[in-house]
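Residue-level structure breakdown
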Amino acid sequence: MKIYSTYSVKIKHYNHIFKDTVSIYRKAVDFLINVCLSEWDNISANKNNLLQQQYVERCIHATKDNPAPIYDFDAKFYKMPSYMRRGAINEAIGKASSYKSNLVNWQNNPAGKEPSYPKAGYIFPSMYRTVMYNQIGDYTAQIKVYIRNTWDWITVVLKKSDMDYIYRRCTKRKQCAPTLQKRGKEWFLDFPFEENTKLTDTPIYEQTIIAVDLGINTAATVSVMRSDGTILGRHFCKLSKETDRLKHSINRIKKAQQNDNYKTPRLWTKAKGINHDIAVKTANYIMDIAVLYNVDTIVFEHLDKNGKARGSKKQKLKMWRSQEVQSIVTNKAHRLSMRITHICAWNTSRLAFDGSGFILRGKEGGFNTCELCKFQNGKTYNCDLSASYNIGARYFIREILKSLNESSRLLIEAKVPQCCKRSTCTFSTLVSLNAVLISA
């Protein structure tokens, strides 16, 4: 599979000189969006992206073989570099296609507002090599921008530490065309890199996995499992100091809001920074465990956070960066040939791993903390650890049943009926499934 990553390099000494370039590019995309929507029937007739781009270019750009195009693009955007023009065409085709498909979906099911007319928005141009960007030194480059009422080359100095990182870490990756970006008051060149990796193909019965239960109180609970139900390791990532710092930062925001100060950007920036730090440390902890046991697959819950959060813990839910943790782990795991998979999250924490039924958690079970729970048979256990067992078990149950033929699967489901409904499967279901497979 192909992995894409992007590294930003700061441009030194320049601040306002790139504004005209970005403004012209955005105006060109807005102009081309109108062209694409006017010619959409002819554009959509071609399924090939290159043919679509060539058709739009014939409509707007005059050449020796095409002296009279339909639209006066060249008059409005005089001497725009050809590669930037084609990049703007592709951007416009994408936005027009998205708008048309959204409009059809809305017409078939008119729920909510009609899709708004597409605009260029806050997009930035790609600096294609040799025609828009040239590397002339280790820390210097030439880029073509709109300056002094024409398109001309300027020499920019790139930040040394950023370029050294690329030379040290990305020499074996394919470097793609950089993109000119603005963040705050500073300008950057974003260098995308492409690399190929082959994910592991270990048979399901020989796999070692880690089942990860991401929590609000405990950052992550990790169980290392085998397909026969053997638990090779149990690990907890709590990050108590970072959680206390986040709670203190949120309390400062709350105190300011009680005094009618609702605009607190600095306080929110600090809170978001702490939250991001928690996500990075949690992801690094998970990857350290994965590398330690040389696992084949990392299993997460499919956490759907759409919709409005309700209840007394809605702020904790909104601040919970579970999606960011999963994204970071996915990027790191694929580089190490590990696979990432997700299972149904229903009842993983509510059902006891030993199959005794629903648990009593926190105050319901007579505890002062939500980390502990009581099973129906009276056993006291860590709730997140029980959930991680269930997560790993559901993955193995799903993959084992997928590997069997139809007759074998129906026979096993008759003997272990809990396998039929994935949202009620627990660790005990996996143990029963293995017992049936051994006896067969």
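Scoring rules and cut-offs
Residues numbered from 1 in each chain as written. Predicted model: local features only at pLDDT ≥ 70, side-chain atom pairs only at ≥ 80, totals over all residues. Heavy atoms only, no water. Buried < 20%, exposed > 50% of the residue type's maximum accessible area, 1.4 Å probe, protein only. Helix = DSSP H or I, 4+ residues; strand = E, 2+ residues; numbered from the N terminus. Pairing = 2+ DSSP bridges. Contact = heavy atoms within 4.5 Å. Axes fitted to C-alpha atoms, helices over the stretch in contact; angles between N-to-C directions. Expected span 1.5 Å × (residues − 1). Polar contact = N/O pair within 3.5 Å; in protein donor to acceptor, adjacent residues only side chain to side chain. Phe/Tyr/Trp six-rings, centres within 6.5 Å; stacked < 30°, edge-to-face > 60°. Core = buried A, V, L, I, M, F, W, Y, C linked by side-chain atoms within 4.5 Å.

1. A short note on the pairing of strand E11 (residues 297–302)
Judged by how many residues are buried, E11 sits mostly within the fold: five of six residues are covered. Sheet topology note: the strand E8 (residues 208–214)/E11 ladder contains three bridges and is parallel. Looking across to E11, one finds that Ile209 is bridged to Thr297. In this sheet, strand E12 (residues 339–344) lies alongside E11 in parallel orientation, the contact comprising six bridges. Paired with Phe300 across the strands is His342, a residue of E12.

2. Topic: the sheet that holds strand E15 (residues 380–382)
With respect to topology, three strands assemble into an open sheet ordered E13-E14-E15, the strand pairing being antiparallel. The open sheet has two edge strands with one neighbour each: strand E13 (360–361) and E15. Sheet topology places E13 next to strand E14 (residues 372–374); two bridges connect them, and they run antiparallel. Bridging across to E14, Leu360 finds its partner in Lys374. Strands E13, E14 and E15 of the sheet are contacted by helix H11 (residues 383–403), whose axis makes an angle of about 70° with E15.

3. A short note on helix H3 (residues 49–60)
When the terminal C-alpha atoms of H3 are compared, their 17 Å separation across twelve residues agrees well with the 16 Å that a helix rising 1.5 Å per residue should span. Residues of H3 that are buried make contact with helix H1 (19–38), helix H2 (40–45), helix H4 (73–76) and helix H5 (82–108).

4. Looking at the pairing of strand E9 (residues 220–226)
Among the seven residues in E9, six count as buried, and that is most of the element. When E8 meets E9, the two strands line up antiparallel, connected through seven bridges. Bridge pairing links Val212 to Val222 in E9. Here E8 folds back onto E9, and the loop between the two strands holds five residues. Relative to strand E10 (residues 231–237), E9 runs antiparallel, the two sharing six bridges. Its bridge partner being in E10, Thr221 is matched across the sheet by Phe236. Linking two consecutive strands that pair antiparallel, namely E9 and E10, is a turn of four residues; a positive phi of about 95° is found at Gly229 within it.

5. Observations regarding the environment of Asp201
In this structure, Asp201 sits in the loop between strand E7 (186–196) and E8. Under the relative-accessibility criterion, Asp201 is labelled exposed at 58%. For the pair Asp201 and Met338, spaced 137 residues apart in sequence, the C-alpha to C-alpha distance is 9.4 Å. Within the structure, the side chain of Asp201 is placed 3.0 Å from the side chain of Arg339, a separation counted as a polar contact.

6. Quick notes on the sheet that holds E8
Strand order in the open sheet made by the five strands is E10-E9-E8-E11-E12, with mixed pairing throughout. This sheet does not close on itself; its edge strands, each paired only once, are E10 and E12. For this sheet, the mean inter-axis angle between neighbouring strands, taken without regard to orientation, is 25°.

7. Some thoughts on the side chain of Ser386
In this fold, Ser386 is placed in helix H11. Since its relative accessible area comes to 3%, Ser386 is described here as buried. At 3.2 Å, the side chain of Ser386 and the backbone nitrogen of Phe353 are in polar contact. Once you skip the residues sitting within four places of it in the chain, Ser386 turns out to touch Thr348, Leu351, Ala352, Phe353, Phe375 and Tyr381.

8. Considering the packing of aromatic side chains
Ring pairs (aromatic) are described by centroid distance and by the angle formed between their planes. Counted under the stated rule, the structure contains 20 aromatic pairs. Relative to Phe73, the ring of Phe31 lies with its centre 5.7 Å away and its plane at 55°, an arrangement referred to as tilted. Linking Phe31 in helix H1 with Phe73 in helix H4, this pair joins segments that are 42 residues apart in sequence. Of the two residues examined, Phe31 and Phe73, each falls in the buried class. Between Tyr389 and Phe427, the aromatic rings sit 5.6 Å apart at their centres with planes inclined by 40°, giving tilted as the arrangement. With Tyr389 in helix H11 and Phe427 in helix H13 (residues 427–439), this pair connects stretches of sequence that are 38 residues apart. Judged on exposure class, the residue Tyr389 and its partner Phe427 are both buried.

9. Observations regarding unusual backbone geometry
Not every positive phi belongs to a glycine, and Asn294 is a case in point at roughly 50°. Along the chain, Asn294 turns up in the loop between helix H8 (265–293) and E11. Relative accessible area serves as the criterion here: at 59%, Asn294 is assigned to the exposed category. Positive phi, normally seen in glycine, also occurs at Ser337, with a value near 70°. Here Ser337 is to be found in the loop between helix H10 (322–335) and E12. The partly exposed category is assigned to Ser337, whose relative accessible area is 25%.

10. Notes on the nonpolar core
If you look at the biggest cluster of nonpolar residues, it comprises 55 residues, and the most contacted ones within it are Phe18 and Leu158. Sorting elements by how many residues they give to this core places H1 first, with eleven residues. Apart from residues lying up to four places away in sequence, Phe18 is in contact with Ile11, Ile143, Val145, Ile154, Val156, Leu180 and Trp187. If you look at the next biggest cluster of nonpolar residues, it comprises 35 residues, including Met287, Ala290, Phe300 and Met338.

Everything listed here is a matter of geometry and, on its own, says nothing about what the molecule does.
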